[in-house]
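Observations on the three-dimensional arrangement
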Amino acid sequence: MSYDVRTIRRHFPHLAAAHFDGPGGSQVPDVVGAAVAGTLCSGIANRGVVTAAERRASAVVTEARQAVADLLAADPAGVVFGRSMTQLTYDFSRTLAKTWVPGDEVVVTRLDHDANIRPWVHAAEAAGATVRWAAFDPATGLLAPSAVTGLLSPRTRLVAVTAASNLLGTRPDIPAIAAAVHDAGALLYVDGVHLTPHAPVDVTALGADFYACSPYKFLGPHLGVLAAAPSLLETLRPDKLLPSTDDVPERFELGTLPYELLAGTTAAIDFLAGLVPGPGSRRSRLVASLTALSAHEDALLARLDAGLTALPGVTRYGAPDRHRTPTVLFSVDGVASQAVYEHLGALGVNAPAGSFYAIECSRHLGLGDTGAVRAGIAPYTTESDVDQLLAGVASVPRA
């Protein structure tokens, strides 16, 4: 079956506006809300095996780990949940830095969201390690593998890089970077927040030692997820409470897990697996559905790119002809991006402006801390939404 956006939109009855704000947090289908509410009202307790409420909580956690594992082609025993990707990255940066000494090196990139930069900068500073910066080409938005691999040395302990820029959509060649990082004896931490909603992901094929993402970017609730090999997690000793379990992955999960959000995450992944109905395992259905979704989003992206190109006085950032997620960053000559955002909002088009925490990327592009207007395409986006956005940009008042 083909991708049917009309059928999919029936699960989003609240779509009164044209939402291009998915990179900051997608809209949520009705089945996810129902799963959250149903779990909260189900009679639930801390995990255990004695009471029905305890068993229900345990099942929710087990099912969510397996769902994430299916989404990322990961081992469920290596799936860690946290409040957000930012929180998980800070936690892991502090844990990993326990073994760093002065003279060790960490590599970060100018392309990344700050959540995959600042935790490593802070951890390096605390350990006396050196931070080395990989720059991307501001004309194309591309981060060449050599920009990262050229910084590697025998003292490199970790490389942090995004799988897709949340500002430009740029997708670095992660497998090529991973091969060089591992040859250098270092670890690779991949921010998959902006890639996961748009394409099939296989963390092993990518070569990521750690892969972090956020369910609320792929139709789920506000939560963070990290996937790693259980054998790698076994080598790490995080700070934790004395009576809390030392088992992996639970040793990295602080406090009681939000069971309702885990149930919502499972529901979101099941919804993604059914974007294109068909037989097979959840993993195979996810690959088929996300492949079809990519084709749908790429077609809309081409329509958006062509429409913006035809508008006078519109500047786009990055290279539109490059393989990227369906994300466009643009500005209107002579008009503050905040004013463009507000004008579009008044027309029922949600396309916000800013640097979206990719502050190093925005500065490297010459946009300072204020950034530009970002439009992101999501599973529920239609041609009509794109045309509405283009009409709104064309009608922006000029001085």
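These notes cover the structure that comes with them. (Residues numbered from 1 in each chain as written. Predicted model: local features only at pLDDT ≥ 70, side-chain atom pairs only at ≥ 80, totals over all residues. Heavy atoms only, no water.)

Counting its secondary structure elements, the protein contains 14 helices and 13 strands. The C-alpha radius of gyration of the protein comes to 21 Å, within 12% of the 21 Å expected for a compact globule of 399 residues. Over its C-alpha atoms, taken along the principal directions, the protein stretches across nearly 65 × 55 × 35 Å. By sequence separation, contacts in the protein at least 24 residues apart represent 69% of the contacts at least 6 residues apart. (Helix = DSSP H or I, 4+ residues; strand = E, 2+ residues; numbered from the N terminus. Rg over C-alpha atoms; globule rule 2.2 N^0.38 Å. Contact = heavy atoms within 4.5 Å.)

A separate point is the sheet that holds strand β3 (residues 105-109). Spatial ordering of the open sheet is given by β2-β8-β7-β6-β5-β3-β4, a layout of seven strands whose pairing is mixed. The sheet is open, and its two edges are formed by β2 (79-82) and β4 (130-134), each paired on a single side. Each strand axis lies, on average, 20° off the axis of its neighbour in the sheet, ignoring direction. Pairing of strand β6 (residues 187-191) with strand β7 (residues 210-213) involves three bridges; the strand directions are parallel. When the sheet's bridge partners are listed, Asp191 is paired in β7 with Ala212. Running at roughly 115° to β2, helix α3 (residues 52-72) makes contact with β2, β7 and β8 (224-228) of the sheet. Lying over the sheet, helix α7 (residues 174-183) contacts β5 (156-162) and β6, oriented at roughly 155° with respect to β6. (Pairing = 2+ DSSP bridges. Axes fitted to C-alpha atoms, helices over the stretch in contact; angles between N-to-C directions.)

According to the stated counting rule, one finds seven aromatic pairs in the structure shown. Considering the side-chain rings of Phe12 and Phe271, the 5.9 Å spacing of their centres and the 80° angle between planes classify their relative orientation as edge-to-face. Highlighted residues: Phe12 in the loop between α1 (5-9) and β1 (18-19) and Phe271 in helix α10 (residues 259-273), separated in sequence by 259 residues. Judged by relative accessible area, Phe12 falls into the buried class, the value being 2%. Look at Phe271 and you get buried, because its relative accessible area is 10%. (Phe/Tyr/Trp six-rings, centres within 6.5 Å; stacked < 30°, edge-to-face > 60°. Buried < 20%, exposed > 50% of the residue type's maximum accessible area, 1.4 Å probe, protein only.)

Along any regular strand the residues' side chains alternate between the sheet's two faces. Counting buried positions along strand β10 (residues 327-332) yields six of six residues, so the element is predominantly enclosed. Residues Thr327, Leu329 and Ser331 of β10 are buried on one face, and the alternating residues Val328, Phe330 and Val332, pointing to the opposite face, are buried as well. With three bridges connecting them, strand β9 (residues 314-316) and β10 associate as antiparallel partners. Counterpart to Arg316 in the pairing with β10 is Phe330. Pairing of β10 with strand β13 (residues 372-376) involves four bridges; the strand directions are antiparallel. For Thr327, the partnering residue across the bridge sits in β13 and is Gly376.

Right, let's talk about the environment of Trp120 for a bit. Mapped onto the elements, Trp120 comes out in helix α5 (residues 118-127). As for Trp120 and Ala227, which are separated by 107 residues in sequence, their C-alpha atoms are 18 Å apart. With near-sequence residues (within four places) excluded, Trp120 lies in contact with Thr89, Phe92, Ser93, Leu96, Trp100, Val106, Val108, Leu158, Ala160 and Tyr189.

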